[in-house]
Structure formats: structure tokens, C-alpha cells
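# Reading the structure
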Amino acid sequence: MIDRKKIWVIAWLIMGSFQLLLAQSGAIMQQGEVSFVTSTSVYVRFEDTSSIEQDDTLYVQVADRLVPALVLVQKSSLSCVARSIIDRSYAKGDLVVHRPASIQKTVGKTEVLIPKIAKRDPVDGSISFTSYINSSSAAGTNIRNMVRLRLSADEINNSRFSFNTYMIYRQNTINQTESSRAIDNGLFNVYSASLSYRKDSSYVLSIGRQFSRRVASLGMIDGLLAEKQFGKMFAGAIVGFRPDILTNDFNSDLFQYGGYIGAAHSGGKNSFEVALGVMEQQNKGNTDRRYLYFQGSTNIGRRFSLFSSAEMDLYTLDSTLQTANSQLTNIHVASNYRVNRKIRISLSYDSRRSIVYYESFQPFLEDILTDTEARQVLRGRLNVKVSNRIRAGIGYGKRFQSSMRNASDNFSAFVVLRKPPWIKGILSANLNANISPYLTTAGVSFRHSNTYFDNRLRGTVFLRSVIYSNIPARESIIIQQFVGASGRYLLKNNYALGGMLEFSIRKAESRSRINIQVSKRF
């Protein structure tokens with residue numbers, strides 16, 4: 001059994017050492033980084049947004065000049081949502097500069113001559129320690145402690161090498177009503193740890209545990225990934241191993257290899273990216289799975305976006321273990337359409353069959369091959385910006401199969417009020433109902449969030465009520481009530497302290513959840 005006190009000590013020592021690497025900046029300008037891009041918005045992350053106001057101008061660097069490029073639409077304590085005012089494409093990691101309101105000028109699209117800004121620190125990451133405490137009057141207390149580390153180092157020492165990793169350590173403890181025991185199931189998971197070499201802007205080679213954004217459905221890869229661009233075309237190769245299905249550890253028996261080709265275009269109002277490839281996955285030298293995959297994304301203007309992916313198994317067996325025809329294993333299509341500045345519609349369709357690994361699932365193969373029916377989901381959502389302070393939306397989802405098994409209908413609606421006249425902050429209400437042949441649930445929740453102490457503290461309180469009915473072999477109706485609060489406070493030197501407390505009652509049983517987190521960004 002691993003001593004939890006040691007985990008605390010190690011976590012604090014690591015965070016303390018990272019603190020020595022930091023230096024505070026008293027510069028007038030704030031430097032941020034693009035964290036996410038959609039067809040209509042650019043999300044920018046700053047260390048602090050207390051001096052940033054709505055409608056402020058954000059700048060990008062072109063040669064030795066700062067050019068006004070974005071206008072702020074809304075913000076949180078660490079990030080902002082902005083819209084572009086120039087014809088320019090943005091990518092994750094692009095640098096953006098904010099000038100405080102005291103020196104903001106009406107510049108339109110005129111270039112502003114300002115000395116060249118310093119390049120951002122190529123090392124970025126965070127470490128956190130979180131404790132999840134779940135208590136029940138009927139089942140006692142469960143405690144789960146987790147340490148998370150995320151680190152990204154680009155162009156190490158001005159070289160062509162970069163490194164990134166994300167890993168988690170978890171340990172569970174069960175504290176029953178009369179006895180306490182720690183389960184010796186400490187689990188250390190490495191979700192990514194890769195070293196990449198970029199020869200130039202068109203060629204990259206990486207090794208380690210990693211994900212390929214070109215083949216998102218493939219999941220984690222233990223091995224080598226190489227990609228070369230030829231103008232708008234690109235080609236890639238993958239050689240390595242699959243992590244163990246049960247433990248997520250390295251497994252040398254699960255060899256895999258494959259490749260892909262594709263094309264990409266960005267810039268202007270339209271962009272697209274498509275990739276087509278094939279993978280061979282083995283178990284001890286025998287074919288476990290062989291399949292063809294497709295992935296594509298498209299943005300047309302600033303109004304329409306489409307993402308799609310599909311997999312077709314090329315190596316298949318029927319219930320008698322005889323070779324069968326290829327079959328479409330899964331397909332996913334998701335689209336977003338902005339009708340105008342106030343109305344947005346999203347639709348998605350998903351159809352999936354059970355993925356079969358013929359060697360790994362050998363003991364259960366007969367049962368799996370008799371259940372090849374696709375599970376399908378259709379979802380739709382309508383979002384409306386009623387005014388600058390009111391947003392609302394409705395959604396519907398349907399899960400179905402041709403045999404009518406596992407069918408369900410889901411209905412949802414929400415209203416968000418920003419800065420309502422009788423209370424500060426953001427107030428939201430959500431409705432949700434799910435109907436299936438076995439269980440029907442209906443819930444309503446209210447949530448209020450606000451910032452305090454110059455945006456260093458973000459706090460939330462919430463109420464929720466859920467009704468369960470038509471439960472086989474139980475009472476026809478059960479009501480569960482929830483009440484809770486959460487908060488996150490930004491300390492000095494990029495430390496943050498967060499927590500959540502929730503209490504619920506269902507019939508005679510009461511439950512509570514307490515989450516406590518200490519984190520450090522560096």
C-alpha cells in the first residue's frame with residue numbers, strides 16, 4: 001500500500017520546484033495564446049483577465065508591428081472569446097497581445113508601431129493534486145486521490161525537438177462504517193509521453209505514447225509516427241503497439257502498423273482537412289483487426305462547419321468463424337450552422353457496431369459475433385441569443401436500434417441570464433428528461449456563478465432535483481434532491497485552490513461529495 005502522506009509531500013515538492021522557474025512580469029501589455037478556434041470565434045487564454053474588458057482590441061504581431069486583429073466578445077477569469085476583424089486564419093498556440101484600457105486607442109485596421117514583443121516561454125504545463133471524497137449513509141466513504149501532470153516543451157533549447165506528456169496517478173481508499181482499509185490498486189497512467197523532431201515546417205517525426213489528430217478514433221499509440229506535407233497534400237505512417245486493453249500498459253503482443261494520405265487547406269473564409277488510411281492491428285502475430293478509416297472537417301464561410309469520421313472493417317468473421325464481407329463499423333457526422341447572429345443550429349448522427357478484436361476477445365467471440373446490430377443516435381440543438389444578456393436553447397436526442405432494443409428519447413432546454421438586474425453574475429436554468437422502456441428520468445437544475453476579489457475567485461452555487469420512475473422491481477417514483485457549491489481561487493505565482501461540495505438525499509439515504517484541488521501552472 002502506498003502512503004498517501006508521501007503523495008502529498010511529492011506533489012508539494014514538485015510544485016515548489018516549478019515555482020523557482022517562474023518570473024513575474026510587470027509589463028504594460030499582456031500576452032495571451034490562442035487555445036481554440038471555431039468558424040466564428042477565437043478563444044484566447046491569458047494568465048489574468050482582470051484588466052481586460054468587453055470590446056477591447058487584441059493584437060497579433062506581423063513582422064515588427066502589432067496589428068489589431070480581434071475584438072473581445074466575452075471573458076472569464078482566464079480566457080476570452082473574440083471575433084476577428086481582419087481576414088486572417090488562426091491556429092492553436094498563436095500569440096495575441098492586449099493593451100490595457102488606459103492606453104487603448106481607436107485604431108481600426110491601422111498598424112500600430114510598437115517594439116517587438118518577447119517570444120513566449122516554450123515550456124507550458126500544470127500539476128495538480130485532487131482528492132475526491134464520496135460518502136453515503138448506507139455504503140460508507142470512498143476516497144480517490146489523483147495527481148495530474150501536463151507538460152509541453154516546444155523547440156527545446158532552440159532545437160528541432162519538442163516534448164509533451166500527460167500522466168495521472170490514482171489511488172482509491174474505502175472507509176466503511178466500522179473498518180477502514182486501503183485498496184492496493186494504485187494506478188499510474190501515462191496518456192501521452194512523446195518526443196518529436198520537426199525537420200522543417202513540412203516534416204515531423206515523433207516517438208512515444210501519443211495521439212494522432214489525423215486519426216482521432218485510433219486512440220493512443222505506443223510507437224513511431226511520421227508525417228510529410230506536399231503542399232496541400234500530406235501522407236503519414238504509424239508503426240508501434242496498442243496499449244493493453246485492460247490495464248493501459250505497454251503490451252508488445254499488440255503490434256500495429258498503417259498509414260494515411262490526405263489534403264488540407266486553410267486561410268480565407270473556407271477551410272477543410274480530410275484523411276483516409278488503413279490500419280492492421282495484431283495480437284501475437286495474428287490479425288486482431290484490419291480496417292479502413294476516414295476523417296474530415298470542413299468550414300464554409302463563417303456560418304457552416306462539418307465534421308465526419310467513419311471506419312470499415314476489412315477483416316471480418318461471421319458467427320460460424322467463417323470469413324465474411326467487409327462492413328461499416330461506425331460513422332459519425334456532426335454539423336453546425338449559424339443562421340444569423342442570434343440563431344445557431346447543430347445536428348449530429350452516430351452509428352456504431354461493437355468493435356471486434358478477434359484474437360483478444362477469443363473467449364467471448366461467439367457471443368460478440370451474434371450481436372452485430374448497430375446502435376444509432378440522432379441529436380439536434382437550437383441555440384438562440386435573445387439579447388446580449390439572455391441566451392436560450394432546446395435539444396433533442398434519440399437512441400435507437402432496428403430491433404427497438406436500448407431505445408430512448410432525450411429532451412433538454414436551458415436559459416442563461418447574464419447580469420440579471422436583481423443579482424450579479426450569471427444565472428442559468430436547465431431542464432432534462434430521458435424516456436426509455438426501462439427507466440424515465442426528469443430533472444431541473446438552477447445554477448448561479450459570479451466572480452469576486454478582482455476576478456480571482458469564481459464561485460458557483462447550484463440546486464438540482466431528479467425524478468426516477470418506472471424502475472423495475474422498485475417503487476414507481478423516487479425523488480433525489482441535490483444542493484452544492486464550488487469555487488476556484490487564483491493564488492500568487494500561478495497557484496490555484498479549488499473545491500466542490502455537494503449534498504443529496506434520496507429516500508432515507510443521504511450522500512455527500514467533496515472535491516479539493518491544489519494546482520500549479522508553469
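Our subject is the structure that appears above.
This report concerns the structure included in the present document. Please read these numbers as outputs of a predicted model, since none were measured by experiment. All residue numbers here refer to positions counted from 1 along the written sequence of the relevant chain. Two thresholds apply to this predicted model, a pLDDT of at least 70 for residue-level local features and 80 or more for giving and counting side-chain atom pairs, whereas whole-chain, interface and lining totals are computed over all residues. Based on all heavy atoms of the structure, the side-chain values leave hydrogens and waters out of the count.

The criterion is simple. A nonpolar core is a set of buried Ala, Val, Leu, Ile, Met, Phe, Trp, Tyr and Cys residues joined through side-chain atoms within 4.5 Å. Between buried and exposed lies partly exposed: a residue is buried under 20% and exposed over 50% of the maximum accessible area for its type, with that area taken using a 1.4 Å probe on protein chains only. By size, the foremost hydrophobic cluster in this structure holds 14 residues, and its most contacted members are V42, V44, F46, L58, L70, Y90 and V96. Of all elements in the fold, only β2 (42-45), β3 (57-62), β4 (65-75) and β5 (79-84) reach the threshold of two or more residues within this core. Each helix corresponds to a stretch of at least 4 residues labelled H or I by DSSP, and each strand to a stretch of at least 2 residues labelled E; elements are numbered beginning at the N terminus. Sorting elements by how many residues they give to this core places β4 first, with three residues.

A few words now on the side chain of S194. Along the chain, S194 turns up in strand β11 (residues 187-200). The contact criterion used throughout is that any non-hydrogen atoms of two residues lie within 4.5 Å. The contact partners of S194, leaving out residues within four places of it in the chain, are S162, F163, N164, I207, G208, R209 and Q210.

With that settled, consider the environment of N157. Locating N157 in the fold gives a position in the loop between β8 (140-153) and β9 (161-175). Distance from N157 to P122, taken between C-alpha atoms, is 9.1 Å for residues 35 residues apart in sequence.

The pairing criterion is simple: DSSP has to find at least two bridges between the two strands. As paired strands, strand β17 (residues 286-300) and strand β18 (residues 304-313) are joined by ten bridges and run antiparallel to one another. The residue of β18 that forms the bridge with Y291 is D313. Turn length for the β17-β18 hairpin, with the two strands adjacent in sequence and antiparallel, is three residues, and the turn residue G301 shows positive phi of about 60°. With ten bridges connecting them, β18 and strand β19 (residues 327-338) associate as antiparallel partners. For S309, the partnering residue across the bridge sits in β19 and is H332.

It is possible for side chains of opposite charge to pair when their charged atoms get near one another. Just to be clear on terms, a salt bridge is a Lys or Arg side-chain nitrogen sitting within 4 Å of an Asp or Glu carboxyl oxygen. All told, the structure shown has 14 salt bridges when counted by the stated rule. Between R214 and E273 there is a salt bridge, and its shortest N-O distance comes to 3.0 Å. Here E273 lies in strand β16 (residues 271-283) and R214 lies in the loop between β12 (203-210) and β13 (221-230), a separation of 59 residues in the sequence. The pair R214 / E273 is uniform in exposure class, with both members buried. The partner of R242 in a salt bridge is D288, and the shortest N-O contact between them spans 2.8 Å. Of this pair, R242 sits in the loop between β14 (233-241) and β15 (255-265) while D288 sits in strand β17, placing them 46 residues apart in sequence. As far as the burial class goes, R242 and D288 line up, both buried. Linked by salt bridges that have partners in common, D124, R150 and R521 make up one network.

Along the chain, A153 falls in strand β8. Considering only alpha carbons, one finds A153 and N164, eleven residues apart in sequence, at a separation of 6.1 Å. Filtering out sequence-adjacent residues up to four positions away, A153 remains in contact with P122, V123, S162 and F163.

For any pair of aromatic rings, the description rests on two quantities: the centre-to-centre distance and the angle between the ring planes. Ring pairs shown here join Phe, Tyr and Trp side chains whose ring centres sit within 6.5 Å, with only the six-membered ring taken for Trp; geometry is labelled stacked below 30 degrees between planes, edge-to-face above 60, and tilted in between. Considering all chains together, one arrives at eleven aromatic pairs under this definition. Each ring, one from F234 and one from Y260, has its centre 6.2 Å from the other, and the planes form 65°; the classification is edge-to-face. Highlighted residues: F234 in strand β14 and Y260 in strand β15, separated in sequence by 26 residues. By the burial criterion, F234 is buried, and Y260 matches it. Ring centres of Y357 and F361 lie 5.6 Å apart, and the angle between their planes is 85°; this geometry places the pair in the edge-to-face category. What links up through ring pairs into an aromatic cluster is the set F241, F250, F255 and Y257. Geometrically, a charge over a ring is one whose NZ (Lys) or CZ (Arg) sits within 6 Å of the ring centre while staying within 35 degrees of the ring normal. Note that R506 overlies the ring of Y468, its terminal NZ or CZ placed 5.2 Å from the centroid.

With that settled, consider the environment of R242. In this structure R242 comes out as buried when scored by relative accessible area, which is 7%. Of the polar contacts made by the side chain of R242, one reaches the side chain of D288; its length is 2.8 Å. Polar contact is defined as a pair of N or O atoms within 3.5 Å, subject to the rule that within protein one atom must be able to donate a hydrogen and the other to accept it, and that residues adjacent in sequence are counted only when both atoms are side-chain atoms.

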